[in-house]
Amino acid sequence: QQQVKQSPQSLIVQKGGISIINCAYENTAFDYFPWYQQFPGKGPALLIAIRPDVSEKKEGRFTISFNKSAKQFSLHIMDSQPGDSATYFCAAAPGGYGGATNKLIFGTGTLLAVQP
Amino acid sequence: EAGVAQSPRYKIIEKRQSVAFWCNPISGHATLYWYQQILGQGPKLLIQFQNNGVVDDSQLPKDRFSAERLKGVDSTLKIQPAKLEDSAVYLCASSPAGRISGANVLTFGAGSRLTVL
């Protein structure tokens, strides 16, 4: 129940295409959903985050879509660029804003390769 | 601002040997985390400090792993004796506080890659 299931494990997209990564969770107490981007040899970095009071959040080419009833959320990367090639992790935590950071659970990661 | 510094970047040891990793968080960050990232998996929290006190070490294998954060700044993570399954990247992260908010972002270091032979 504490897991966050992420798919696909790897993804190849052509430059200019849309990359879509999906995550699902079981714990209904989760109410903070961040996405992290990790380049080779670097630590993960926060990309974008959403709380369940909204169904979508957009920052530039990156959009999180959230489906509370299905307990699923996804990351969409529009106009994907070779520089977006990285590993993406979804995560979830209970408590929303004000929740404890030690409760953050990460997905297994998706390796995205954007071909020029 | 300077990022989270970790050393060494790479370490190869034989099983049953010991190893230590060092982390220097972002200046002023009260909360420090050690995560274990096994190949193909997401980071898993090992221990979280608030200043120099432990907030959560529930997933730290205490029979072989230990960590300390003296003076509430730098931290070291030690493994003794190492097992093959300890091969992983050990990530240190820091944040201003231990509560989720838009401003309280976890900043990760580049990690220390451990290979146990």
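Quick note: structure is the one above.
S.K.: Even after reading the chapter, I still don't get the overall build of chain B, so can you show me in this structure?
M.R.: If you tally the helices and strands in chain B, you get zero helices and 11 strands. When the helices and strands of chain B are listed from N to C terminus, the series reads β-β-β-β-β-β-β-β-β-β-β. For a compact globule of 117 residues, the expected C-alpha radius of gyration is about 13 Å, and chain B comes in at 14 Å, within 12% of that figure. Along the first, second and third principal axes, the C-alpha set of chain B runs to 40 × 25 × 25 Å. Relative to its full complement of 117 residues, chain B shows a buried share of 45%. Looking at chain B as shown, the accessible area adds up to about 5,700 Å², and 51% of this sits on carbon and sulfur atoms. Side chains of chain B give 13 positive and 9 negative charges; the mean places of these two sets differ by 2 Å.

S.K.: Even after reading the chapter, I still don't get the pattern of salt bridges, so can you show me in this structure?
M.R.: Any two side chains of opposite charge can pair, so long as their charged atoms come close to each other. Across all of its chains, the model carries five salt bridges over all chains by this definition. As a salt-bridge pair, Lys71(A) and Glu26(A) come within 3.7 Å of each other at their nearest N and O atoms. Taken together, the residues span a long stretch of sequence, with Lys71(A) in the loop between strand S7 (62-67) and strand S8 (72-77) and Glu26(A) in the loop between strand S3 (19-25) and strand S4 (30-38) at a distance of 45 residues. Across the pair Lys62(B) and Asp57(B) runs a salt bridge, and its minimum N-O distance is 3.7 Å.

S.K.: Is there a simple way to think about the packing of aromatic side chains in this case?
M.R.: The geometry of two aromatic rings is summed up by the distance between their centres and the angle between their planes. Residue and element names in this part refer to chain A. Evaluated as defined, the whole model comprises 15 aromatic pairs over all chains. Taking 6.4 Å as the distance between ring centres and 10 degrees as the angle between the ring planes, the aromatic pair formed by Tyr25 and Phe66 counts as stacked. Here Tyr25, found in strand S3, pairs with Phe66, found in strand S7; they are 41 residues apart in sequence, far enough to count as distant. The pair formed by Tyr25 and Phe66 is uniform in burial state, with each residue classed as buried.

S.K.: Looking at this structure, I do not really get the state of the cysteines. What am I missing?
M.R.: Think of a disulfide as a covalent bridge from one cysteine sulfur atom to another cysteine sulfur atom. In the structure shown here, the tally under the stated rule is two disulfides over all chains. Residue pairing for Cys23(A): its cysteine sulfur links by disulfide to Cys90(A), the two sulfurs lying 1.9 Å apart. Between Cys23(A) and Cys90(A) the sulfur-sulfur dihedral comes to about -95 degrees; the bridge is accordingly left-handed. Of the two residues, Cys23(A) sits in strand S3 while Cys90(A) sits in strand S9 (residues 86-94), which places them 67 residues apart along the sequence. For Cys23(B), the disulfide goes to Cys92(B), at an S-S distance of 1.9 Å. As the torsion about the S-S bond is roughly -70 degrees, the Cys23(B)-Cys92(B) disulfide counts as left-handed. Of this pair, Cys23(B) sits in strand S3 (residues 19-24) while Cys92(B) sits in strand S9 (residues 88-95), and the two are 69 residues apart along the sequence.

S.K.: Is there a simple way to think about the sheet that holds S7(A) in this case?
M.R.: Strand-to-strand pairing in sheets goes through backbone hydrogen bonds, with the strands running parallel or antiparallel. All names here are of chain A. Overall, antiparallel pairing links the five strands, which are arranged S1-S3-S8-S7-S6 in an open sheet. Lying at the two open borders of the sheet, with one neighbouring strand each, are strand S1 (4-7) and strand S6 (56-59). The sheet shows a mean angle of 15 degrees between the axes of neighbouring strands, taken without regard to direction. Inspection of the sheet shows S6 paired to S7 by four bridges, in the antiparallel sense. Note on S7: the bridge partner recorded for Lys57 is Ile64.

Rules used in this analysis
Per chain, residue numbering runs from 1 following the sequence as it is written. Starting at A for chains and at 1 for ligands, labels are handed out in the order in which the entities are written. A pLDDT threshold of at least 70 governs which residues receive local features in this predicted model, and a stricter bar of 80 or more applies before side-chain atom pairs are shown or counted, although totals over entire chains, interfaces and linings include all residues. Excluded from the side-chain calculation are hydrogens and water; included are all heavy atoms of the structure. In this description a helix means any DSSP run of H or I spanning at least four residues, a strand means any run of E spanning at least two, and both kinds are numbered starting from the N terminus. Radius of gyration here is computed from C-alpha atoms only, and the compact-globule reference equals 2.2 Å multiplied by the residue count raised to the power 0.38. Burial classes follow relative accessibility: with a 1.4 Å probe on protein chains only, a residue under 20% of its type's maximum area counts as buried, one over 50% as exposed, and anything between as partly exposed. Note on areas: Shrake-Rupley with a 1.4 Å probe; residue coverage comes only from the protein chains shown. Charge assignment: positive for Lys and Arg, negative for Asp and Glu; neither His nor the chain ends contribute. Charge positions are represented by NZ for Lys, CZ for Arg, CG for Asp and CD for Glu. For this document, the term salt bridge refers to a Lys or Arg side-chain nitrogen within 4 Å of an Asp or Glu carboxyl oxygen. Note on ring pairs: Phe, Tyr and Trp rings are taken, using the six-membered ring of Trp, and paired if centres are within 6.5 Å. Classes follow the plane angle, with under 30 degrees stacked, over 60 edge-to-face and the rest tilted. Pairs of cysteine sulfur atoms within 2.5 Å are what we label disulfides. In this description, strands pair whenever DSSP reports at least two bridges between them. All axes are obtained by fitting lines to C-alpha atoms, using only the stretch in contact for helices, and the reported angles, taken between N-to-C directions, cover 0 to 180 degrees.

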